[in-house]
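Fold and contact review
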Amino acid sequence: MFSSPRHSYLTLLTSSSPKHQINQPPLLTLSLPMEPEKPTTTVCTVVSIDHTDLHYTVCSLCQRTLPDSLTRCNHCPASTSKRLFRVLMSVATDTNVFVVVLFDRAARVLFGCSAHDFFSFTNTHPFSGETVSRILEGEMLRVTLSNPRNGNAQHLRVVSVVPLRSGFRPVMYSLSELYGVRSSDR
């Protein structure tokens, strides 16, 4: 392990309270050398993507998260809402498997469109969210990971992503081809 006190370690637990549970699987501990404010770059493979919730809604002016039921921010009456990506992705490095979160800027690299455009596409093609996971499964990526900004966050944050396959095409191109949609129809 790393002996430097400058490093923090991320621990993923497979059970919430191991002292009080019997016959539970052992705890999974993932140690990534991460300085508190310095991102770490690693190569990983996509294992799966949580396709059930790929985006969230924010105020277009102040960027506050809005419940899905609201289209206007209570703090900015003249604003509208917009969708941004928030993708939970399980990745594997050469030694560990763990969950990371991609927000809008990083997710756009993989999707090739805005969250609003993807949401519109999923309205007319309801299984496209599930198909995204199958398209990206096994994809090799170079990701830069940082500690979460929010103290309540559970997952490392992907601040940049670079697909390593030379023939990589963003998800929307593959989905358009699969569903027979021309680019002008998207």
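Structure: above.
Below, the structure is looked at part by part. (Residues numbered from 1 in each chain as written. Predicted model: local features only at pLDDT ≥ 70, side-chain atom pairs only at ≥ 80, totals over all residues. Heavy atoms only, no water.)

1. Considerations on the nonpolar core
In this structure, M89, V100, L102, L110, F111 and F118 are the most contacted members of the largest nonpolar core, which totals 32 residues. The residues contacting L110, other than those within four sequence positions of it, are M89, L102, L136, L141, V161, P163, F168, P170 and V171. (Core = buried A, V, L, I, M, F, W, Y, C linked by side-chain atoms within 4.5 Å. Buried < 20%, exposed > 50% of the residue type's maximum accessible area, 1.4 Å probe, protein only. Contact = heavy atoms within 4.5 Å.)

2. Things to note about the layout of surface pockets
Its boundaries defined by the atoms lining it, the largest pocket holds a volume of some 340 Å³. Along the wall of the largest pocket there are 14 residues; nearest its centre are R86, V101, F103, N150 and A153. The class makeup of the residues in the lining of the largest pocket is five nonpolar, four polar and five charged. Every residue along the wall of the second largest pocket is listed here: Y56, L84, F85, F103, D104, R105, A106, R149, R157, V158 and V159. Tallied by class, residues from the lining of the second largest pocket come to seven nonpolar, no polar and four charged. (1 Å grid on protein atoms, 1.4 Å probe; cavity = no way out; pocket = protein on both sides within 12 Å on 5 of 7 lines; lining within 4 Å. Points joined across faces, edges and corners; volume = space filled by probe spheres on them. Nonpolar A, V, L, I, M, F, W, Y, C, P; charged D, E, K, R; others polar.)

3. Side note on the pairing of strand β1 (residues 40-49)
Two faces, one strand: in a regular strand the side chains alternate between the faces of the sheet. Bridge analysis of β1 against strand β6 (residues 140-146) gives six bridges, and the strand direction is antiparallel. Looking at the pairing, V43 lines up with R142 of β6. (Pairing = 2+ DSSP bridges. Helix = DSSP H or I, 4+ residues; strand = E, 2+ residues; numbered from the N terminus.)

4. Overview of a nonpolar patch on the surface
Taken together, the side chains of V43, M140, V162 and L164 present a nonpolar region at the surface, about 290 Å² in accessible area. With respect to the element layout, V43 can be found in strand β1. Taking relative accessible area as the criterion, V43 reaches 41% and is therefore assigned partly exposed. (Patch = residues over 30% accessible without salt bridge, like charges linked within 9 Å, V, L, I, M, F, W, Y side chains within 5 Å. Areas by Shrake-Rupley, 256 points an atom, 1.4 Å probe, with all protein chains shown as cover. Salt bridge = Lys/Arg side-chain N within 4 Å of Asp/Glu carboxyl O.)

5. A few points about the side chain of S133
Position of S133 relative to the elements: it lies in helix α3 (residues 128-136). Relative accessible area serves as the criterion here: at 9%, S133 is assigned to the buried category. At 3.2 Å, the side chain of S133 forms a polar contact with the backbone nitrogen of I49. In this view, S133 contacts S48 and I49; residues no more than four positions away in its chain are not counted. (Polar contact = N/O pair within 3.5 Å; in protein donor to acceptor, adjacent residues only side chain to side chain.)

6. Here's the deal with the packing of aromatic side chains
Per the stated rule, a full pass over the model turns up five aromatic pairs. Considering the side-chain rings of Y56 and F103, the 6.3 Å spacing of their centres and the 80° angle between planes classify their relative orientation as edge-to-face. Of this pair, Y56 sits in strand β2 (residues 55-59) while F103 is found in strand β5 (residues 97-103), placing the two residues 47 residues apart along the sequence. For the ring pair F85 and F118, a centre distance of 6.3 Å and an interplane angle of 45° mean the geometry is tilted. Remark: F118 occurs in helix α2 (residues 115-124) and F85 occurs in strand β4 (residues 81-92); sequence separation between them is 33 residues. Residues F85 and F118 agree in their burial class; the two are buried. Aromatic ring contacts, followed pair by pair, group F85, F111 and F118 into a single cluster. (Phe/Tyr/Trp six-rings, centres within 6.5 Å; stacked < 30°, edge-to-face > 60°.)

7. Describing the side chain of R157
Tracing the sequence through the fold places R157 in strand β7 (residues 156-163). Summary of buried charges: R157 has no salt-bridge partner, and the nearest side chain of opposite charge, D104, is 10 Å away. Dropping the residues within four chain positions of it, R157 is found in contact with V101, F103, T144, L145, S146 and R149. (Lys, Arg positive; Asp, Glu negative; His and termini not counted.)

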